[in-house]
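# Reading the structure
Residues per chain, in single letters:
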Amino acid sequence: MSQDPRPFGRLLTAMVTPFTRDGALDLDGAQALAAYLVDEQRNDALVISGTGGESPTTTDAEKEALIRAVAEAIGDRAKIVAGVGTNNTAHSVELARAAEKAGAHGLLVVTPYYNKPSQPGVARHFTTIADSTGLPVMLYDIPHRSGIPITTETLIEVAAHPGIVAVKDAKGDLAGTSEVMRRTGLAFYSGEDAATLPLLSIGAVGVVGTSTHFVGAVAKDMISAYERGDVAGALALHRQALPLFTGIFRAPGTVLVKAGLNALGRPAGPVRLPLVDATAEQLDQLRRDAADAGIAL
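This section reports on the structure supplied with the text.

What follows covers the overall build of the chain. Within the chain one finds twelve helices and eight strands. Radius of gyration (C-alpha) of the chain: 18 Å, near the 19 Å computed for a compact globule of 297 residues. A principal-axis box enclosing the C-alpha atoms of the chain has dimensions of 45 × 45 × 35 Å. Out of the 297 residues belonging to the chain, those deemed buried represent 55%. Restricting the contact set of the chain to residue pairs at least 6 apart, pairs at least 24 apart contribute 70%. Where the 26 positive side-chain charges of the chain centre and where its 32 negative ones centre are 2 Å apart.

Shown next, in the form of structure tokens:
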């Protein structure tokens, strides 16, 4: 069970991975983007090589190089949480050990996807990865992508592992999440930007965001307002950011984040197939959503 109620802080962004125009890894761009997210958008930690960072299409060597570059750029100003979840437990263990050596401070481990293991298999997958390093683990519960949930019972079971300390919750089961919070010390982070405030109301501690590439500072203020008891202020900030909380997902989030960053002249570059870059129409809509949130793209 977690001893720290906020093991990764309050605000995390699942950082996109910048590429050069020809699709190569852009380490200089990654360093600049990480510094922007920490110093201007006020992130407490960055998720590196999550799905939003195009982890399915980056190599293991690229993932390790990315962690090292970001660690060099942000120093001790924020933590690095490395996405190491796959549907192959042995491969995830390899990625976890490499991430630890490269300088990560924690691991994000998604539910095994496509092969749809049983809940005992899910539990063993998580605990095996947690056993493989000394890093704290955040589980990622997103059944609409992975194909299966982490059930309430499984979450309660694996919470007994000292290395499993948090959950990125994108399941949308407030009652089940409340039960896990009631019975464990797991720290919950919203895995859906627009659900952050509702989850805070039942005991969550923060968000792992996508739109927070642009509205991170607003989200941080929203969380802080709620924590100090200013519920009306938190609600006002939620409503302010809502057009981007939701609009960033009109297309795959990575696609629109990169389009927005490119429009701002920040490092991002293209996406790798099977993703395709945003159309002019999608970028125009993103600009309208951003304007509704008070952000100029």
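A few words on the environment of Gly269. Turning to its location among the elements, Gly269 is positioned in the loop between helix H11 (253-264) and helix H12 (280-292). Setting aside residues no more than four positions away along its own chain, Gly269 makes contact with Phe19, Lys258 and Asn262.

So, about the packing of helix H3 (residues 89-102) against helix H4 (residues 119-131). Running from N to C, H3 and H4 cross one another at 25 degrees; their axes reach a closest spacing of 9 Å. The pairing of H3 with H4 is recorded here as roughly parallel in orientation. Of the two elements, H3 crosses H4, and the hand of that crossing is right-handed. Residues Thr89, Ser92, Val93 and Ala96 of H3 form the contact with H4, whose own contacting residues are His125, Thr128 and Ile129.

A separate point is the side chain of Ser146. Tracing the chain through its elements places Ser146 in helix H5 (residues 143-146). Given a relative accessible area of 3%, Ser146 falls into the buried group. One polar contact links the side chain of Ser146 to the main-chain carbonyl oxygen of Ile148, over a distance of 2.8 Å. Not counting residues up to four positions away in its chain, the partners in contact with Ser146 are Thr111, Pro112, Tyr113 and Tyr114.

Evaluation of the coordinates by the stated rule reveals one aromatic pair. Between Phe8 and Tyr189, the ring centres sit 6.4 Å apart and the planes meet at 55 degrees, which makes this aromatic pair tilted. Note that Phe8 is positioned in the segment before strand S1 (11-14) and Tyr189 in strand S7 (residues 187-190), a separation of 181 residues in sequence. Using a relative accessible area of 1% as the deciding quantity, one classes Phe8 as buried. The cationic tip of Arg272 hangs over the ring face of Phe19; the distance from NZ or CZ to the ring centre is 4.1 Å.

The α-helix advances 3.6 residues per turn, and as a result positions three or four apart in sequence lie on the same side. Inspection of helix H7 (residues 174-183) places Gly176, Thr177, Val180 and Met181 among the buried residues, and these make up the whole buried set. Projected down its long axis, H7 shows its buried positions confined to an angular sector of 140 degrees, all on one face. Those residues of H7 that are exposed and angled more than 90 degrees off the buried face are Ala175 and Arg182. Turning to H7, the residues buried within the fold contact helix H6 (152-158), strand S6 (164-169), S7 and helix H8 (196-201).

Conventions and cut-offs
- Residues numbered from 1 in each chain as written.
- Predicted model: local features only at pLDDT ≥ 70, side-chain atom pairs only at ≥ 80, totals over all residues.
- Heavy atoms only, no water.
- Helix = DSSP H or I, 4+ residues; strand = E, 2+ residues; numbered from the N terminus.
- Rg over C-alpha atoms; globule rule 2.2 N^0.38 Å.
- Buried < 20%, exposed > 50% of the residue type's maximum accessible area, 1.4 Å probe, protein only.
- Contact = heavy atoms within 4.5 Å.
- Lys, Arg positive; Asp, Glu negative; His and termini not counted.
- Charge placed at Lys NZ, Arg CZ, Asp CG, Glu CD.
- Axes fitted to C-alpha atoms, helices over the stretch in contact; angles between N-to-C directions.
- Parallel < 35°, antiparallel > 145°, perpendicular 65-115°, else oblique.
- Left-handed = near helix turned anticlockwise from the far one by under 90°.
- Polar contact = N/O pair within 3.5 Å; in protein donor to acceptor, adjacent residues only side chain to side chain.
- Phe/Tyr/Trp six-rings, centres within 6.5 Å; stacked < 30°, edge-to-face > 60°.
- Lys NZ or Arg CZ within 6 Å of the ring centre and 35° of its normal.
- Arc of directions from axis to C-beta.

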